[in-house]
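# Residue-level structural notes
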Amino acid sequence: MISPFTLLFEEEPNHGPGLPPELRAIYSGDWRLPTIPAHRPAVWTNFVISHDGRIAFNQPGWNSGNAISRNSRHDHWLMELVRARADAILVGAATLRAARRHRWEAGDLVDWPAFAALRASEERPLLPALVILSATGVLPAAAALALPRSLFLITTSHGAERALATHPQLTCLVGADNHIDLPAAFATLRQRYGIRTLLSEGGGRTYGTLLFTQLIDEVFLTLSPIIVGNPSPPAPPRPGLVEGVGFAPQHPPRLRLISLRRTGDMLFQRAQLHFATVTETV
């Protein structure tokens, strides 16, 4: 196993269940769950970013978070921890396409029984449900879709038709106007399917959409010491943490820092999101 994180700061605002001693010893502190809303799951997201805010090199062989984290064992451990408390994991179609072999199951990155034990103690299924966000419904043949788990697609009416033709095991969530309606889809996941906690592992556009719809409660952010940069065209751009949405300078969302940890030159931040009432797209 790995060495414990170094705790630099912690101010826990939640009063829900905490971590068992075996996990607290590595994490060097606790993580208490927030109150679960009645109308949607509690939602958190997890990213590793470079010093300059990039989440991918966006070139063949270097397009995953591992390229940013430099395969950090502590980042992998933390990813397993946040997955262990998720009833469902949300990914965008682009993330699914880039990680066709990834299974989004316990032990993908760190095979340690304590994570499966945590899922069992909190009465979560062995495999988290997978929730895919795609307007087009064009999905790859990915390993995660072949496992015995609940599979959901948040999409449009046309996207649902296209996806079900190749993936009939999907449950499609389409908004009332036959468009994507993320708040309505999250309400259905909570109220009809019992999804209490949801982890987003989508990319910058998925994160931007969740921020714009004010559907995130907490953020886990690993800050890697590397610098990625963003080359000029015609080279493909390297995506940042938030894509596809902008916020009015008078009313941006804010983070309230909950904890800060360190291993070597890497920092691990956990924060609570607070939203203003005015947003705008760009």
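Presented here is a report on the structure given in the accompanying data block. A quick note: this is a predicted structure, and the numbers were derived from the prediction, not measured.

With that settled, the discussion passes to the packing of aromatic side chains. For the structure shown, the criterion picks out 12 aromatic pairs. Aromatic pair Phe5 and Tyr27: ring centres 5.8 Å apart, planes at 75°, arrangement edge-to-face. Taken together, the positions of Phe5 in the segment before strand S1 (6-10) and Tyr27 in helix H1 (residues 21-27) put the pair 22 residues apart, joining distant regions of the chain. On the basis of relative accessibility, which here comes to 3%, the residue Phe5 falls in the buried class. Measuring from centroid to centroid gives 5.0 Å for Phe5 and Phe268, while their planes differ by 85°, and the two rings are edge-to-face. Residue Phe5 is found in the segment before S1, and its partner Phe268 is found in strand S10 (residues 266-274); the two are separated by 263 residues along the sequence. Across the pair, Phe268 and Phe5 agree in class, each one buried.

This part takes up the pattern of salt bridges. Under the defined criterion, the tally for this structure stands at 13 salt bridges. Between Asp217 and Arg40 there is a salt bridge whose closest N-O contact spans 3.0 Å. Of this pair, Asp217 sits in the loop between helix H8 (204-212) and strand S8 (218-223) while Arg40 is found in the loop between H1 and strand S2 (42-49), placing the two residues 177 residues apart along the sequence. You'll find Asp217 and Arg40 in the same group, each marked buried. The closest approach of N and O atoms between Glu201 and Arg83, which form a salt bridge, is 2.6 Å. In this pair, Glu201 sits in the loop between strand S7 (197-200) and H8 while Arg83 sits in helix H3 (residues 73-84), placing the two residues 118 residues apart along the sequence. When its relative accessible area of 12% is taken as the criterion, Glu201 is described as buried.

With that settled, the discussion passes to the side chain of Glu218. Along the chain, Glu218 falls in strand S8. Here Glu218 falls in the buried class, since its relative accessible area comes to 2%. Within polar-contact distance, the side chain of Glu218 engages the side chain of Arg270 at 3.0 Å. Setting aside its immediate chain neighbours within four residues, Glu218 contacts Asn14, Trp31, Val43, Trp44, Thr45, Ile258, Arg270, Ala271 and Gln272.

The set of residues buried in helix H7 (residues 182-191) consists of Leu182, Ala185, Phe186, Ala187, Leu189 and Arg190. One side-chain oxygen at the N-terminal end of H7 lies 3.1 Å from the backbone nitrogen of Ala184; it belongs to Asp181.

This next bit is on the layout of surface pockets. Leftover empty space is mapped by rolling, across the atoms, a probe with the size of a water molecule. Of the volumes computed, that of the largest pocket is approximately 1,400 Å³. Around the largest pocket sit 47 residues that line it, and Thr95, Glu201, Gly202, Gly203 and Gly204 are the ones nearest its centre. For the lining of the largest pocket, the elements supplying multiple residues, two or more each, are S2, helix H2 (65-69), H3, helix H4 (93-98) and H8. The residue makeup of the lining of the largest pocket, split by class, is 19 nonpolar, 22 polar and 6 charged. Taken as a whole, the second largest pocket holds about 150 Å³ of empty space. Those elements that provide at least two residues to the lining of the second largest pocket are H8 and S8. Among the residues forming the lining of the second largest pocket, the class breakdown is 10 nonpolar, no polar and no charged.

Bringing the sheet that holds strand S9 (residues 254-263) into the picture now. In sheet architecture, strand pairing relies on hydrogen bonds along the backbone and comes in two forms, parallel and antiparallel. Pairing within the open sheet is mixed, and its 10 strands lie in the order S1-S9-S10-S8-S2-S7-S3-S4-S5-S6. Strands at the two margins of the open sheet, each flanked by one partner only, are S1 and strand S6 (171-174). Within this sheet the neighbouring strands show an average axis-to-axis angle of 20°, counted without direction. The pairing of strand S3 (residues 88-92) with strand S4 (residues 129-133) spans 5 bridges and is parallel. Bridging across to S4, Val91 finds its partner in Ile132. Sitting on the sheet, helix H6 (residues 157-166) is in contact with strand S5 (151-155) and S6, with an inclination near 145° to S5.

The tally for this structure, following the rule as stated, stands at 2 cavities of 30 Å³ or more. The volume enclosed by the largest cavity comes to roughly 60 Å³. Taken together, Glu80, Arg83, Ala84, Trp104, Glu105, Ala106, Phe115, Arg119 and Pro128 make up the full set of residues lining the largest cavity. If one sorts the elements of the lining of the largest cavity by residue count, H3 sits on top with 3 residues. What the second largest cavity holds in volume is close to 30 Å³. Taken together, Tyr27, Leu78, Phe220, Ser259, Arg261, Phe268, Gln269 and Arg270 make up the full set of residues lining the second largest cavity. For the lining of the second largest cavity, the secondary-structure elements that each account for two or more residues are S9 and S10. Considering every element that reaches the lining of the second largest cavity, the biggest residue donor is S10, with 3 residues.

What counts as what
Residues numbered from 1 in each chain as written. Predicted model: local features only at pLDDT ≥ 70, side-chain atom pairs only at ≥ 80, totals over all residues. Heavy atoms only, no water. Phe/Tyr/Trp six-rings, centres within 6.5 Å; stacked < 30°, edge-to-face > 60°. Helix = DSSP H or I, 4+ residues; strand = E, 2+ residues; numbered from the N terminus. Buried < 20%, exposed > 50% of the residue type's maximum accessible area, 1.4 Å probe, protein only. Salt bridge = Lys/Arg side-chain N within 4 Å of Asp/Glu carboxyl O. Polar contact = N/O pair within 3.5 Å; in protein donor to acceptor, adjacent residues only side chain to side chain. Contact = heavy atoms within 4.5 Å. 1 Å grid on protein atoms, 1.4 Å probe; cavity = no way out; pocket = protein on both sides within 12 Å on 5 of 7 lines; lining within 4 Å. Points joined across faces, edges and corners; volume = space filled by probe spheres on them. Nonpolar A, V, L, I, M, F, W, Y, C, P; charged D, E, K, R; others polar. Pairing = 2+ DSSP bridges. Axes fitted to C-alpha atoms, helices over the stretch in contact; angles between N-to-C directions.

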